[in-house]
Amino acid sequence: MTNAINWFEIPVTDYERAKTFYATIIGEDIIDHHMPNMKYGVFPYDMEMKCIGGAIVQMEGIKPSTEGSTVYLNGGDDLNVTLNKVEAAGGKIIMPKTDIEENGFIAQFLDTEGNKVALHSMA
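Since we're looking at a predicted model, the values are computed, not measured.

Conventions adopted
- Residues numbered from 1 in each chain as written.
- Predicted model: local features only at pLDDT ≥ 70, side-chain atom pairs only at ≥ 80, totals over all residues.
- Heavy atoms only, no water.
- Core = buried A, V, L, I, M, F, W, Y, C linked by side-chain atoms within 4.5 Å.
- Buried < 20%, exposed > 50% of the residue type's maximum accessible area, 1.4 Å probe, protein only.
- Helix = DSSP H or I, 4+ residues; strand = E, 2+ residues; numbered from the N terminus.
- Contact = heavy atoms within 4.5 Å.
- Expected span 1.5 Å × (residues − 1).
- Pairing = 2+ DSSP bridges.
- Axes fitted to C-alpha atoms, helices over the stretch in contact; angles between N-to-C directions.

J.: A description of the nonpolar core should follow, citing residues and the corresponding values.
T.: Of all hydrophobic cores here, the largest spans 19 residues; its most connected members are Y22, F43, I56, L73 and F109. Secondary structure elements with two or more residues in this core: β1 (7-11), α1 (15-26), α2 (79-86), β7 (105-110) and β8 (116-121). The element contributing the most residues to this core is α1, with five residues. The contacts of Y22, once residues within four sequence positions are left out, are I10, G27, I30, F43, I56, L73, F109, D111 and V117. If you look at the next biggest cluster of nonpolar residues, it comprises five residues, including M38, Y40, A55 and V57.

J.: Please provide a residue-by-residue account of α1, values included.
T.: Think of an α-helix as 3.6 residues a turn; residues three or four steps apart then line up on the same face. Across its twelve residues, α1 extends 16 Å between first and last C-alpha, which sits within 8% of the 16 Å expected from 1.5 Å per residue. Backbone geometry just downstream of α1 places G27 in the positive-phi region, at approximately 70°.

J.: I'd like a rundown of the sheet that holds β1, residues and numbers included.
T.: With mixed pairing, the four strands of this open sheet are ordered in space as β1-β4-β3-β2. Looking at the sheet topology across the chains shown, the edges are occupied by β1 and β2 (31-32). The pairing of β2 with strand β3 (residues 39-42) spans two bridges and is antiparallel. Across the sheet, residue D32 finds its bridge partner in β3, namely G41. Here α1 sits on the sheet and contacts β1, β2, β3 and β4 (53-58); the angle it forms with β4, its principal contact strand, is near 150°.

Right, here's the structure in full:
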């Protein structure tokens, strides 16, 4: 096994709002892949390289939460670039950029849907 994680899904209540939020903070489009009874938007990832990917999903029976698992999104070359977009896009920073020594930096935020999500980068 190369990675313990191979896919993640972030629940949302307002698909378009969440899609705009995530596209804004990561600087990339979220690609629609809707299915019956489900709005589904995929984050950019390299399928050929078997990279970890994920999506936002709106469907009955799932709801955003600040409890449970925390998804760490790639914060890019400098975590501040992504983190500085969070509040302007409608989210709220709940843990500022934090040095985790040789493992880089992390930060946590609440997205527009009420999910606790985190960022990680080496700078």
